[in-house]
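Architecture at a glance
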Amino acid sequence: MILVTGGAGFIGSNFILDWLSHNDEPVLNLDALTYAGNLHNLASLKGDPRYTFVHGNIADASLVAGLLSRHAPTAIINFAAESHVDRSIHGPEDFIQTNILGTFRLLEAARAYWSSLPKGNAFRFLHISTDEVFGTLSPADPAFDEQTPYQPNSPYSASKAASDHLVRAYHHTYGMPVLTTNCSNNYGPYHFPEKLIPLVIHNALQGRPLPIYGDGQQIRDWLYVRDHCNAVRRVLEAGEPGQTYNIGGLNERTNLEVVTLLCDILDERRPKADGTSYSHQITYVTDRPGHDRRYAIDARKIQEQLGWRPAETFDSGIRKTVEWYLENQAWVKDVTSGNYRHWIEKQYA
Ligand code: NAD
Ligand code: DAU
């Protein structure tokens, strides 16, 4: 069995679905079900004996210790986090609690469990981090590699950086078999519509403004979520304990390019009744404070050492993503009720 934390979120749920489609090793999913956690993402696993859900917090030391001793996982994969940069700007406290304190408590429980294992028993702790810990790049700078110094710029990325340092320290100090992955912006099915791509698809279909922060020339390196899941499986299987691996999509785009491409695909797939383009809904809004200008990942280490490469191009991945949202409007409707409306009113006031 493997323990996945945050498995009801965007990447975690894609990971569990991907894992069980490749593998019969059971999954225990520990998730606190914050606004970002959604068990509907995993509805297809109902009745599957390989899957167990536990509702709880990674910072709950006794709960986690009990789960580890009862289920004896061969690995912990830590996806649980507060993940939205804009929310961290409005209220950093939850980010400190989960991303720093939560990861610390999880590490402590994992250390006690790992120390109690008979010699030779397999165990790995894989921590999912982000490229945002490296800070921001100018247009001509080389992409982030595993040696790039940490320079986090938002409360979110600072909290992720702190958790990465703790994970690293547990290897150096205690010899724990930890691995860390730093990936770029994921996109794909089950992406919560507070993030750029699903927000734009949702707003376009609702006839609402498509908000572009600042001049829209910020660059992200987009990675299709199933490619990311594949990379995580590969690192778990063959990564070297104590090492970090950068995972990127080889897909640098400006935000304006991304939003324009989404409008073009929607114009083709779901033309508006009045014949106008969705791009007329594009609206420039106040920039995010401290907005990082460019992220880019140098993924040569994972390519050369572990033989991983992304399978999707941006064009193929974004088309699959738009199709998924068009076919899953009931999912979108479900997650965009209640608290979601409150957030959107506050953020885009
Ligand atoms: P998400 O916000 O969609 O999901 C996070 C999940 O964690 C939710 O299911 C939530 O309920 C759960 N959770 C939050 N606090 C918890 C706690 N204290 N205990 C247990 N569960 C808790 O996030 P995501 O986009 O799926 O990101 C997953 C991980 O990948 C995060 O660590 C994030 O920092 C990292 N990451 C994400 C991206 C991206 O583009 N989405 C890119 C790089 C790295
Ligand atoms: O780089 C990895 C990171 O990618 C992850 O660590 C984070 O968890 C994840 O949320 C994501 O962070 P970003 O801030 O890059 O993603 P977001 O979708 O919020 O924004 C993408 C870009 O689009 C960013 O430059 C801000 C911009 N943006 C975003 C929103 C929500 C807009 O222009 N308008 C918007 O309404």
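Within any chain, residue numbers begin from 1 and follow the written order of that chain's sequence. Each chain is given a letter, starting from A, and each ligand a number, starting from 1, according to the order in which they appear as written. This being a predicted model, a pLDDT of at least 70 is required before a residue's local features are given, and a value of 80 or more before pairs of side-chain atoms are given or counted; all residues contribute to the totals for chains, interfaces and linings. As a rule here, side-chain values cover all heavy atoms of the structure and leave hydrogens and water aside.

Turning next to the site of ligand 1. The cutoff for a nearby residue is simple: one of its non-hydrogen atoms must lie within 4 Å of the molecule or strand. The immediate surroundings of ligand 1 are formed by 28 residues, with Ile11, Asp31, Ser83, Tyr156 and Lys160 found nearest. Here a nitrogen atom of ligand 1 sits 3.0 Å away from a polar atom, N or O, in the main chain of Ile58. Take Thr98: an N or O atom from its side chain is 3.0 Å from a nitrogen atom of ligand 1. Under the convention used here, a 1.4 Å probe and the Shrake-Rupley method define accessible areas, while residue burial counts only the protein chains that appear. In the complex, 96% of the free accessible area of ligand 1, which totals 830 Å², lies under the protein chains. Helical segments are the DSSP runs of H or I of at least four residues, strand segments are the runs of E of at least two, and each set is numbered from the N terminus. Among the elements of the structure, α1 (10–22), β5 (124–130) and α5 (155–174) are those that each provide at least two residues to the shell around ligand 1. Broken down by element, the shell around ligand 1 gets its largest block of residues, 3 residues, from β5. Its residues assigned to classes, the shell around ligand 1 shows 13 nonpolar, 13 polar and 2 charged. Throughout this description, a polar contact denotes any pair of N or O atoms lying within 3.5 Å of each other; where both atoms belong to protein, one of them has to be capable of donating a hydrogen while the other can accept it, and for residues adjacent in sequence the pair is counted only when both atoms sit in side chains. Gly falls in the polar group here, along with every residue not listed as nonpolar (Ala, Val, Leu, Ile, Met, Phe, Trp, Tyr, Cys, Pro) or charged (Asp, Glu, Lys, Arg).

We now examine the pattern of salt bridges. Salt bridges are counted wherever a side-chain nitrogen of Lys or Arg sits within 4 Å of a carboxyl oxygen of Asp or Glu. Counted by the stated rule, this structure contains 16 salt bridges. Here Glu194 ties to Arg87 by a salt bridge, and the two come within 2.7 Å at their closest N and O atoms. With a gap of 107 residues between them, Glu194 in the loop between β7 (186–187) and α6 (196–206) and Arg87 in helix α3 (residues 85–90) connect regions that are remote in the sequence. Per-residue accessibility, obtained with a 1.4 Å probe over protein chains only, is compared with the maximum for each type, and a residue is labelled buried under 20%, exposed over 50%, and partly exposed between these values. The class for Glu194 is buried, based on a relative accessible area of 3%. The buried category is assigned to Arg87, whose relative accessible area is 17%. Here Arg234 ties to Glu237 by a salt bridge, and the two come within 2.4 Å at their closest N and O atoms. Of this pair, Arg234 and Glu237 are both found in helix α7 (residues 225–238), 3 residues apart, which corresponds to roughly one turn of the helix. For Glu237, a relative accessible area of 59% gives the class exposed.

Before going further, it helps to examine the site of ligand 2. In the region of ligand 2, 23 residues are neighbours, and Asp131, Tyr156, Arg288, His291 and Tyr348 sit closest. Here an oxygen atom of ligand 2 sits 2.5 Å away from a polar atom, N or O, in the side chain of Asp131. In this structure, an oxygen atom belonging to ligand 2 sits 2.7 Å away from a side-chain N or O atom of Asn185. In isolation ligand 2 has 690 Å² of accessible area, and contact with the protein removes 95% of it. At the level of secondary structure, the elements contributing two or more residues to the shell around ligand 2 comprise α6 and β8 (210–213). At 3 residues, the largest contribution of residues to the shell around ligand 2 is made by β8.

Attention now goes to the packing of helix α8 (residues 255–269) against helix α10 (residues 314–327). For any two helices packed against each other, one specifies the inter-axial angle together with the distance between the axes. Fitted lines through C-alpha atoms give the axes, limited to the stretch in contact for helices. The angle between two N-to-C directions lies from 0 to 180 degrees. The geometry of α8 relative to α10 is characterised by a closest axis approach of 11 Å and an angle of 55 degrees between their N-to-C directions. If you check the angle between α8 and α10, you find them oblique. By crossing handedness, the relation of α8 to α10 is classed as right-handed. Contacts from Val258, Leu261, Leu262, Ile265, Leu266, Glu268 and Arg269 of α8 reach α10 at Phe314, Asp315, Ile318, Arg319, Val322, Glu323 and Leu326. Its residues placed into classes, the contact of α8 with α10 shows 9 nonpolar, no polar and 5 charged. When describing relative orientation, an angle under 35 degrees is termed roughly parallel and one over 145 degrees roughly antiparallel, while 65 to 115 degrees is termed roughly perpendicular and anything else oblique. We call a crossing left-handed when the near helix sits turned anticlockwise from the far one by less than a right angle, and right-handed when that turn is clockwise. We call two residues in contact whenever any of their non-hydrogen atoms come within 4.5 Å of each other.

A few words on the nonpolar core. We call a set of buried Ala, Val, Leu, Ile, Met, Phe, Trp, Tyr and Cys residues a nonpolar core when their side-chain atoms join them within 4.5 Å. Residues Phe15, Ile77, Ile197 and Ile302 are the most contacted members of the largest nonpolar core, which totals 64 residues. Sequence-distant contacts of Ile77, defined by excluding residues within four places in its chain, comprise Ile2, Leu3, Val4, Thr5, Phe15, Leu126, Ile128, Val232 and Leu236. Formed by 22 residues, the second largest nonpolar core is a distinct cluster that contains Leu106, Leu117, Val167 and Tyr170.

A few words now on the layout of surface pockets. The computed volume of the second largest pocket comes to approximately 530 Å³. Of all the secondary-structure elements, those providing two or more residues to the lining of the second largest pocket are α3, α6, β8, α11 (329–335) and α12 (339–347). Residues that form the lining of the second largest pocket fall into these classes: 12 nonpolar, 9 polar and 7 charged. Buriedness of a pocket was judged along seven lines, with at least five required to meet protein on both sides within 12 Å; pockets are open sets of points on a 1 Å grid over the protein atoms alone, cavities are sets where a 1.4 Å probe fits but cannot get out, and lining residues have an atom within 4 Å of a point. Grid points are joined across faces, edges and corners, and a volume is the space filled by probe spheres set on the points.

Along α6, 8 of the 11 residues are buried, which leaves the element largely enclosed by surrounding structure. What α6 keeps buried is the set Ile197, Pro198, Leu199, Val200, Ile201, His202, Asn203 and Ala204. Looking one or two residues beyond α6, the residue adopting positive phi is Gly207, at roughly 75 degrees.

Attention shifts here to the pairing of strand β2 (residues 27–31). Within β2, 5 of the 5 residues are buried, which leaves it mostly tucked inside the rest of the structure. Of the two faces of β2, the one holding Val27, Asn29 and Asp31 and the one holding Leu28 and Leu30 are both buried throughout. The sheet contact formed by strand β1 (residues 2–5) and β2 spans 4 bridges and is parallel. Considered in β2, the bridge of Leu3 is made with Leu28. A crossover counts as right-handed when, viewed with the strands pointing away from the observer, the path leading from the first strand over the helix to the second turns clockwise. One crossover worth recording links β1 to the parallel β2 by way of α1, and it is right-handed. Note: two strands are recorded as paired if DSSP finds a minimum of 2 bridges between them. Pairing geometry for β2 and strand β3 (residues 51–55), over 5 bridges, is parallel. Among the inter-strand pairings, Leu28 is bridged to a residue of β3, identified as Thr52.

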